[in-house]
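Secondary and tertiary structure notes
Each chain is listed here by its residues.
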Amino acid sequence: MAGTSVPLSGLNSWYSSAPLLGLQYIINNNENSKTVIEFHYQQYSDRELSDKEFFWVVDRNNYKSPDARANMGWKDFIIKSRIYFPNKIQSFKGRRFNPFGSYGLGLYYYKHEVNGLIYPGQSKKPLDIEIQLLPIVDKRYAWGANVGVGFETSLSTGVSLLFDINYNAAIGYLRPFEDWGLNEVIPLQFLTIGLGINYNY
């Protein structure tokens, strides 16, 4: 499975959308229900952190941190139920699209790194851009949940195409950097939009 991860609700103050890669193992419970075990990986890059300004009270000017960088890597392991709605099947150009909903729980691991921000607590003029905050590295495991919708359509015997959109919320947080207008983020929320091929054997 491949797609896009879209940060939400505060996380999008730090990061823009990023590519998503994933694998799924599907267990058929019955005709309309499946258990899905999935793994995803995504890597966010910062949303122009080096262009964010802070106000230095000593000379009452705003400054950017040209060396500032942030990135955030995610890995997750999710188990969820996928429920199909056969009475809602739609047809288009001779192909049948079977809609479904899903819900699940998972373990999310993230690593958040921030470096290169100028230290705003300096008291002597001129501001020294070489004096920077110590790099921040937060590594955490967090429990979370997701819900989603999508559809599946058969391509050939034993092969199907799947498209889904999932909302994810993990009980983790990002510490605030209020001098740069970045508040604490809790919980961590994002959408995943994915397209994949299922092989039934």
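The structure under discussion appears in the preceding block.
So, here is what we can say about the structure in this document. (Residues numbered from 1 in each chain as written. Predicted model: local features only at pLDDT ≥ 70, side-chain atom pairs only at ≥ 80, totals over all residues. Heavy atoms only, no water.)

Tallying secondary structure elements over the chain gives 1 helix and 11 strands in all. Helices and strands appear in the chain in the N-to-C order β-α-β-β-β-β-β-β-β-β-β-β. The C-alpha atoms of the chain give a radius of gyration of 22 Å, which is well past the 17 Å a tight globule of 201 residues would have. Its C-alpha atoms put the chain at 70 × 35 × 25 Å along the principal axes. (Helix = DSSP H or I, 4+ residues; strand = E, 2+ residues; numbered from the N terminus. Rg over C-alpha atoms; globule rule 2.2 N^0.38 Å.)

All right, on to the environment of T4 then. Within the element layout of this structure, T4 appears in strand β1 (residues 2-8). By relative accessible area, which is 33% here, T4 ends up partly exposed. Separated by 171 residues in sequence, T4 and R175 place their C-alpha atoms 25 Å apart. (Buried < 20%, exposed > 50% of the residue type's maximum accessible area, 1.4 Å probe, protein only.)

Another point: the environment of I129. Mapped onto the fold, I129 is located in the loop between β8 (95-115) and β9 (136-156). In this structure I129 comes out as partly exposed when scored by relative accessible area, which is 41%. Sequence separation between I129 and I26 is 103 residues; the distance between their C-alpha atoms is 53 Å.

Moving on, we get to the pairing of strand β5 (residues 61-64). Pairing of strand β4 (residues 53-56) with β5 involves 4 bridges; the strand directions are antiparallel. Across the sheet, the residue bridging to F55 is N62, located in β5. Connecting β4 to the next strand, β5, in antiparallel fashion are 4 residues, including R60 with a positive phi near 60°. (Pairing = 2+ DSSP bridges.)

Counted by the stated rule, this structure contains 1 cavity of 30 Å³ or more. The wall of the largest cavity is formed by M1, L20, H40, D164, N166, T192, I193 and G194. Looking at the lining of the largest cavity, the elements that each hand over two or more residues are β10 (159-170) and β11 (188-199). Grouping the amino acids of the lining of the largest cavity by side-chain chemistry returns 3 nonpolar, 4 polar and 1 charged. (1 Å grid on protein atoms, 1.4 Å probe; cavity = no way out; pocket = protein on both sides within 12 Å on 5 of 7 lines; lining within 4 Å. Points joined across faces, edges and corners; volume = space filled by probe spheres on them. Nonpolar A, V, L, I, M, F, W, Y, C, P; charged D, E, K, R; others polar.)

Residue placement: D164 occurs in strand β10. Of the buried charged residues, D164 lacks a salt bridge, with K80 as the closest side chain of opposite charge at 4.0 Å. Side chain to side chain, D164 and N166 meet in a polar contact 3.1 Å long. Leaving out residues up to four positions away in the same chain, D164 has contacts with M1, Q24, K80, R82, F100, V149, G150, T192, I193 and G194. (Lys, Arg positive; Asp, Glu negative; His and termini not counted. Salt bridge = Lys/Arg side-chain N within 4 Å of Asp/Glu carboxyl O. Polar contact = N/O pair within 3.5 Å; in protein donor to acceptor, adjacent residues only side chain to side chain. Contact = heavy atoms within 4.5 Å.)

Once that is clear, we can look at the packing of aromatic side chains. Going through the model one piece at a time under the given rule, you end up with 15 aromatic pairs. When the ring of W74 is compared with that of Y110, the centres are 5.2 Å apart and the planes differ by 35°; the resulting orientation is tilted. Placement of W74 in strand β6 (residues 69-84) and of Y110 in strand β8 is noted, with a sequence separation of 36 residues between them. Note on accessibility: W74 and Y110 belong to one class, buried. Through a chain of ring-to-ring contacts, three or more aromatic side chains come together here, namely W14, Y15, Y44, F54, W56, Y63, F177 and W180. Here R82 stacks its cationic end above the ring of F100, 4.7 Å away from the centre of that ring. (Phe/Tyr/Trp six-rings, centres within 6.5 Å; stacked < 30°, edge-to-face > 60°. Lys NZ or Arg CZ within 6 Å of the ring centre and 35° of its normal.)

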